[in-house]
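# Breakdown of the fold
Chain by chain, the residues:
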Amino acid sequence: NAGVTQTPKFRILKIGQSMTLQCAQDMNHNYMYWYRQDPGMGLKLIYYSVGAGITDKGEVPNGYNVSRSTTEDFPLRLELAAPSQTSVYFCASTNGGYSGNTIYFGEGSWLTVV
Amino acid sequence: AQSVSQHNHHVILSEAASLELGCNYSYGGTVNLFWYVQYPGQHLQLLLKYFSGDPLVKGIKGFEAEFIKSKFSFNLRKPSVQWSDTAEYFCAVEDFGNEKLTFGTGTRLTIIP
């Protein structure tokens, strides 16, 4: 199984540019998440989705947008890139439902804004 | 809101030493608890999890963790570490019905051969 696939793996953006980080999962999971990881800060939740057509903000949503038109895909869009968005981004998914389901992570996308 | 504390930011050990990494959380309701590991250049992988039953849980690669509800703690242990355990370790907590994880800031573990 491919699991959670993220693209691109590395990207350099100029300030003010926009881009979309793609995330796809093939496990038919309802719940999908976008996290950013900054050194010494752990992972912070940006946005999440509990199913197609439903999205909600996490801890640090400013500067980002998401959509969930299908169960499989959960793209993250940066509209006007800023240096503060330099980070490693992880997409994740889970079956959902209260049973301590394991959350599966993608391999990460390293984004630098200069 | 839930918060997770990992007080050890960087731990350096020699091979065969014993390991204990601390994890404390703030909200005292029903929680699920996780330890994730991130090897250099790789994504996060589940090491072990607790959501009910025996508070001592065993994970992969000889790791275990003990849930002590009265102390809001879920410390990770390994009796004898190996060089290949060099990685970053994250504790995470899921509040009942929340379906979202709150992560600690991580502990970087360096094992010296």
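Read on for an overview of the structure. Just so you know, these numbers come straight off a predicted model, no measurement behind them. (Residues numbered from 1 in each chain as written. Chains lettered and ligands numbered in written order. Predicted model: local features only at pLDDT ≥ 70, side-chain atom pairs only at ≥ 80, totals over all residues. Heavy atoms only, no water.)

How big an interface is tends to be stated in terms of the accessible area lost upon association of its parts. Contacts between the two partners involve 20 residues from chain B and, on the opposite side, 22 residues from chain A. Buried surface at the junction of chain B and chain A, summed over both partners, amounts to about 1,900 Å²; 57% is from carbon and sulfur atoms. Ranking the residues of chain B by area buried against chain A places B:His43, B:Glu99 and B:Lys100 at the top, with a combined share of 30%. On the surface where chain B and chain A come into contact, there are zero salt bridges. At the boundary of chain B with chain A, the tally comes to two residue pairs in polar contact (both at pLDDT 80 or more). Elements that contribute at least two residues to the side of chain B that touches chain A include exactly strand S5 (31-38), strand S6 (45-50), strand S10 (87-95) and strand S11 (101-103) of chain B. (Contact = heavy atoms within 4.5 Å. Buried area = accessible area lost by both parts, 1.4 Å probe. Salt bridge = Lys/Arg side-chain N within 4 Å of Asp/Glu carboxyl O. Polar contact = N/O pair within 3.5 Å; in protein donor to acceptor, adjacent residues only side chain to side chain. Helix = DSSP H or I, 4+ residues; strand = E, 2+ residues; numbered from the N terminus.)

Hydrogen bonds along the backbone pair up the strands of a sheet, which may run parallel or antiparallel. All names here are of chain A. Taken in spatial order, the four strands of this open sheet run S1-S3-S8-S7, and their pairing is antiparallel. The sheet terminates laterally at strand S1 (4-7) and strand S7 (64-66), the two strands that pair on one side only. If you compare each strand with its neighbour and ignore which way they point, the axes differ by 20 degrees on average. By the bridge criterion, four bridges tie S1 to strand S3 (residues 19-25) in an arrangement that is antiparallel. Bridge pairing in S3 links threonine 5 to alanine 24. (Pairing = 2+ DSSP bridges. Axes fitted to C-alpha atoms, helices over the stretch in contact; angles between N-to-C directions.)

This brings us to the pairing of strand S12 (residues 107-112) of chain B. Residues and elements named next belong to chain B. A one-sided burial pattern is seen for S12, the buried positions being Thr107, Leu109 and Ile111 and the unburied ones Arg108, Thr110 and Ile112. Note that strand S2 (residues 10-14) and S12 share five bridges and pair parallel. What sits directly across from histidine 10, in S12, is arginine 108. As paired elements, S10 and S12 share three bridges and run antiparallel to each other. (Buried < 20%, exposed > 50% of the residue type's maximum accessible area, 1.4 Å probe, protein only.)

A separate point is the side chain of B:Ser73. Residues and elements named next belong to chain B. Within the secondary structure, serine 73 is located in strand S9 (residues 73-78). Owing to a relative accessible area of 5%, serine 73 belongs among the buried residues under this scheme. What serine 73 contacts, discounting residues up to four positions off in sequence, is Cys23, Asn24, Tyr25, Glu66, Phe67 and Ile68.

All names here are of chain A. Evaluated as defined, the whole model comprises two disulfides over all chains. Sulfur-sulfur distance for the disulfide between cysteine 23 and cysteine 91 comes to 1.8 Å. Handedness here is read from the sign of the S-S torsion; for cysteine 23 and cysteine 91, about -75 degrees, the answer is left-handed. Linking cysteine 23 in strand S3 with cysteine 91 in strand S9 (residues 87-94), this pair joins segments that are 68 residues apart in sequence. (Disulfide = S-S within 2.5 Å.)

A separate point is the pattern of salt bridges. A pair can form between side chains of opposite charge whenever their charged atoms are brought close. Residue and element names in this part refer to chain A. Following the criterion strictly, the structure yields eight salt bridges over all chains and no others. With a closest N to O distance of 3.6 Å, lysine 9 and glutamate 107 form a salt bridge. Here glutamate 107 lies in the loop between strand S10 (104-105) and strand S11 (109-113) and lysine 9 lies in the loop between S1 and strand S2 (10-13), a separation of 98 residues in the sequence. Exposure remark for glutamate 107: the relative accessible area of 44% places this residue in the partly exposed category.

Residues and elements named next belong to chain A. When you tally the buried positions in S9, you get eight out of eight residues, the bulk of the element. Here strand S4 (residues 31-38) runs beside S9; their pairing, made up of seven bridges, is antiparallel. The residue of S9 that forms the bridge with glutamine 37 is valine 88. As defined by bridge partners, S9 adjoins S11 across three bridges and the pair is classed as antiparallel. Across the sheet, residue valine 88 finds its bridge partner in S11, namely tryptophan 110. By the bridge criterion, two bridges tie S9 to S10 in an arrangement that is antiparallel. Opposite alanine 92, over in S10, you have phenylalanine 105 as the bridge partner.

Right, let's get into the nonpolar core. The biggest cluster of nonpolar side chains holds 28 residues, and the ones touching the most others in it are B:Leu33, B:Trp35, B:Leu47, B:Leu48, B:Phe74, B:Leu76 and B:Tyr89. Of all elements in the fold, only S2, strand S3 (19-21), S5, S6, strand S8 (64-68), S9, S10 and S12 of chain B reach the threshold of two or more residues within this core. Setting aside its immediate chain neighbours within four residues, B:Leu48 contacts B:Leu33, B:Phe34, B:Trp35, B:Val57, B:Lys58, B:Gly59, B:Phe63, B:Glu64, B:Ala65, B:Phe74 and B:Leu76. A:Tyr64, A:Phe74, A:Leu111 and A:Val113 belong to the second-largest nonpolar core, a separate cluster that totals 19 residues. (Core = buried A, V, L, I, M, F, W, Y, C linked by side-chain atoms within 4.5 Å.)

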